[in-house]
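Next come the chains, spelled out residue by residue.
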Amino acid sequence: MASTTTGPLSFDLKGTDGRARRGRVTVPHGVIQTPAFMPVGTRATVKGLMPRDLKATGSEICLANTYHMDISPGPKIVKKMGGLHEFMGWDKPILTDSGGYQVFSLPKTQLDEEGVTFRFEKKGGKKVKLTPERSMQIQQDLGADIAMAFDVCVPYPCDYKNAQDAVYRTIRWLERCKEAHTRPDQALFGIVQGSSYADLRGLSAQLTMGIDLPGYAIGGLSVGEGHSIMMAMIDCTEPSMVKEKPRYLMGVGYPEDIVEAVARGVDMFDCVIPTRYARSGVAFARHGRFRVSNARYKTDKYPLDTNCSCYTCKNFTRAYLNHLINTNEILGSALMTLHNVTFYQDLMRTIRTAIEEKNFEKFRVSFLQEYLAEDK
Ligand SMILES: CNc1nc2cc3c(=O)[nH]c(N)nc3c(CCN)c2[nH]1
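Along each chain, residue indices are assigned from 1 in the same order as the chain's sequence is written. It should be noted that, the model being predicted, local features are given only for residues of pLDDT at least 70 and side-chain atom pairs only at 80 or more, the latter also being counted only at that level, while totals for whole chains, interfaces and linings use all residues. Computation of side-chain values covers all heavy atoms of the structure but excludes hydrogens and water.

Further remarks concern the environment of Lys-298. Only runs of H or I of at least four residues qualify as helices and only runs of E of at least two qualify as strands under DSSP, and these elements are numbered from the N terminus. Positionally, Lys-298 belongs in the loop between strand S17 (288-291) and helix H12 (311-315). When near neighbours in sequence (up to four residues on either side) are disregarded, Lys-298 contacts Ala-319, Asn-322 and Asn-326. Polar contacts, as counted here, are pairs of nitrogen or oxygen atoms within 3.5 Å of one another; within protein the pair requires one atom able to donate a hydrogen and one able to accept it, and residues that are adjacent in sequence qualify only if both atoms are side-chain atoms. Only 3.2 Å separates the side chain of Lys-298 from the side chain of Asn-322, close enough to count as a polar contact. Contacts are residue-level and defined by heavy atoms, with any inter-residue pair within 4.5 Å sufficient.

Okay, structure coming up:
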């Protein structure tokens with residue numbers, strides 16, 4: 001087993017099966033078995049889950065967002081309260097995203113070499129401005145185990161020139177992030193961009209690998225390009241990424257995306273899908289996802305997924321969840337979220353075992369066959 005330590009992060013590559021990797025990431029607040037799924041907790045809470053429930057799902061790390069935490073309550077308050085772990089009552093690892101994605105996902109942002117000015121006005125009319133230095137300052141105050149570089153994630157589709165400019169700006173900003181990042185107990189990850197252009201992906205990967213960091217993310221995907229272009233771009237990027245450090249595919253994704261990306265060498269994932277879909281009444285199960293709020297479930301006495309051992313599936317029927325979601329009861333969001341995140345973590349655990357047992361390809365084919373079967 002190869003073990004690589006870079007600052008506060010160690011990555012142990014425990015085994016491979018084809019390009020799929022089984023590993024372990026160790027950071028100050030604990031160990032993350034990989035391939036790993038990271039639930040998103042944008043404002044220092046995974047919506048609908050108390051930390052004890054988040055633990056019960058099997059999650060070993062969760063996310064928070066620099067942009068949102070800057071707006072409220074502000075990094076200085078979080079720091080004064082002991083940092084994110086103390087503040088939110090989560091003693092396992094945390095990763096904070098840098099605000100780079102919010103550039104893409106929020107309207108009316110102004111971007112220049114210095115950084116990004118967001119249209120949102122804080123109380124008192126102060127505009128939110130993020131620069132590589134400010135993003136690093138905020139993330140160091142928040143105190144997550146892993147901080148993401150401040151990058152430029154372009155929309156899809158994006159013309160070549162803008163995608164190319166974003167690759168070079170992201171690298172210039174990564175140099176500034178590394179310069180500004182001095183917290184010794186926090187790992188900084190670089191982010192590869194390049195939109196949907198194979199040559200830009202390779203260029204961005206090589207330039208990013210040229211900056212020594214504990215881990216690297218594949219960014220700029222899951223922005224509407226669709227599954228096949230996403231997979232093609234991973235294939236253009238992954239071969240240029242160092243093997244002995246973790247690879248994190250940002251914002252991915254559906255179970256079918258995750259399984260196919262693991263097959264291409266990705267170690268870490270994050271996505272709002274299981275939590276966001278839960279709140280809208282969509283449940284994930286072995287045979288695919290379904291909307292439990294549909295009338296057909298009104299008298300369905302079965303659990304969401306008969307294979308699932310989560311608290312929701314052990315204690316409640318689809319009929320009850322149908323009722324809770326259709327009456328917008330808070331408990332509906334909580335129970336659906338608990339199940340969906342447990343489903344994702346059970347999927348990751350099954351993936352890890354399949355790689356250990358060298359039958360990941362067999363698992364990939366059988367999982368996708370059942371999960372994507374038309375006759376639901
Ligand atoms: C949902 N799709 C998606 N694509 C992303 C790309 C980036 C990306 O390219 N950069 C950063 N910093 N974050 C991204 C995120 C947010 C991850 N929590 C993305 N999310």
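Put simply, a salt bridge is a Lys or Arg side-chain nitrogen that is within 4 Å of an Asp or Glu carboxyl oxygen. A full pass over the atoms with the stated rule returns 24 salt bridges. For Arg-247, the salt bridge is made with Glu-238, and the minimal N-O distance between the two is 3.0 Å. The exposure classification of Arg-247 matches that of Glu-238, with both residues buried. The classification of residues rests on relative accessible area computed with a 1.4 Å probe and restricted to protein chains. Under 20% of the type maximum is buried, over 50% is exposed, and intermediate values are partly exposed.

Attention now moves to helix H14 (residues 330-356). Helix span is expected to be 1.5 Å times the residue number reduced by one. Taking 1.5 Å of rise per residue, 27 residues should cover 39 Å, and H14 covers 39 Å from first to last C-alpha, within 8% of that figure. The buried fraction of H14 is high, at 19 of 27 residues. The positive-phi residue at the C-terminal boundary of H14 is Lys-358, with phi of around 60°.

Of the grid points, spaced at 1 Å and generated over the protein atoms alone, those admitting a 1.4 Å probe that cannot get out make up cavities, while open sets with protein on both sides within 12 Å along at least five of seven lines make up pockets; any residue with an atom within 4 Å of a point is treated as lining. Grid points are joined across faces, edges and corners, and a volume is the space filled by probe spheres set on the points. In this model, the largest pocket occupies a volume close to 860 Å³. Lining the largest pocket are 43 residues, with Tyr-101, Gly-251, Asp-270, Val-272 and Arg-276 positioned closest to its centre. Elements with a contribution of two residues or more to the lining of the largest pocket: strand S6 (62-65), helix H2 (66-71), helix H5 (100-105), strand S15 (268-271) and helix H11 (273-279). For the lining of the largest pocket, the leading source of residues is H11, giving 5 residues.

This part takes up the side chain of Thr-237. Checked against the element boundaries, Thr-237 lands in helix H9 (residues 227-237). Other than its neighbours up to four places away in sequence, Thr-237 contacts Val-192, Arg-201, Ala-205 and Ile-218.

Attention now goes to unusual backbone geometry. Geometrically, the link from Ser-72 to Pro-73 is a cis peptide bond, its omega value of 0° lying close to zero. Even without being a glycine, Ala-44 presents a positive backbone phi close to 65°. Among the secondary structure elements, Ala-44 is positioned in the loop between strand S5 (36-39) and helix H1 (51-56). For Ala-44, a relative accessible area of 12% puts it in the buried group. In this structure, Ser-222 is a non-glycine residue whose phi angle is positive, near 55°. One can find Ser-222 in the loop between strand S13 (215-218) and H9. With relative accessibility at 28%, the residue Ser-222 sits in the partly exposed group.

A few words now on a nonpolar patch on the surface. A cluster of nonpolar side chains, namely Ile-77, Met-81 and Phe-87, defines an oily patch on the protein surface of about 280 Å² accessible area. With respect to the element layout, Ile-77 can be found in helix H3 (residues 75-80). What goes into a patch is any residue over 30% in relative accessible area without a salt bridge, connected to like charges within 9 Å or, for nonpolar side chains (Val, Leu, Ile, Met, Phe, Trp, Tyr), within 5 Å. Values of accessible area rely on a 1.4 Å probe in the Shrake-Rupley scheme; residue burial ignores everything except the protein chains shown.

Now for the site of the ligand. Taken together, 16 residues are adjacent to the ligand, and Asp-97, Asp-151, Gly-220, Leu-221 and Asp-270 come closest. Between Gly-220 and the ligand, the recorded distance is 2.7 Å, taken from a backbone N or O atom to an oxygen atom. Leu-221 is positioned with one of its backbone polar atoms (N or O) 2.7 Å from a nitrogen atom of the ligand. With the chains in place, 91% of the 440 Å² that the ligand exposes on its own is no longer accessible. One can see that the ligand is located within the largest pocket. For this scheme, ten residues count as nonpolar: Ala, Val, Leu, Ile, Met, Phe, Trp, Tyr, Cys and Pro. Four count as charged, namely Asp, Glu, Lys and Arg, and the remainder, Gly too, count as polar. Here the residues of the shell around the ligand sort into 7 nonpolar, 6 polar and 3 charged. For each residue, the test is whether any non-hydrogen atom lies within 4 Å of the molecule or strand; if one does, the residue is near. For this analysis, a molecule is said to be in a pocket or cavity if more than half of its atoms are within 2 Å of the grid points defining it.

Let us now look at the sheet that holds strand S8 (residues 110-111). Spatially, S8-S9-S10 is the arrangement adopted by the 3 strands of the open sheet, whose pairing is antiparallel. In this open sheet, the two strands that pair with only one neighbour each are S8 and strand S10 (127-130). Strand pairing is assigned whenever DSSP detects at least two bridges linking the two strands. Where strand S9 (residues 116-121) meets S10, 4 bridges bridge the pair, whose relative direction is antiparallel. The residue of S10 that forms the bridge with Phe-118 is Val-128.

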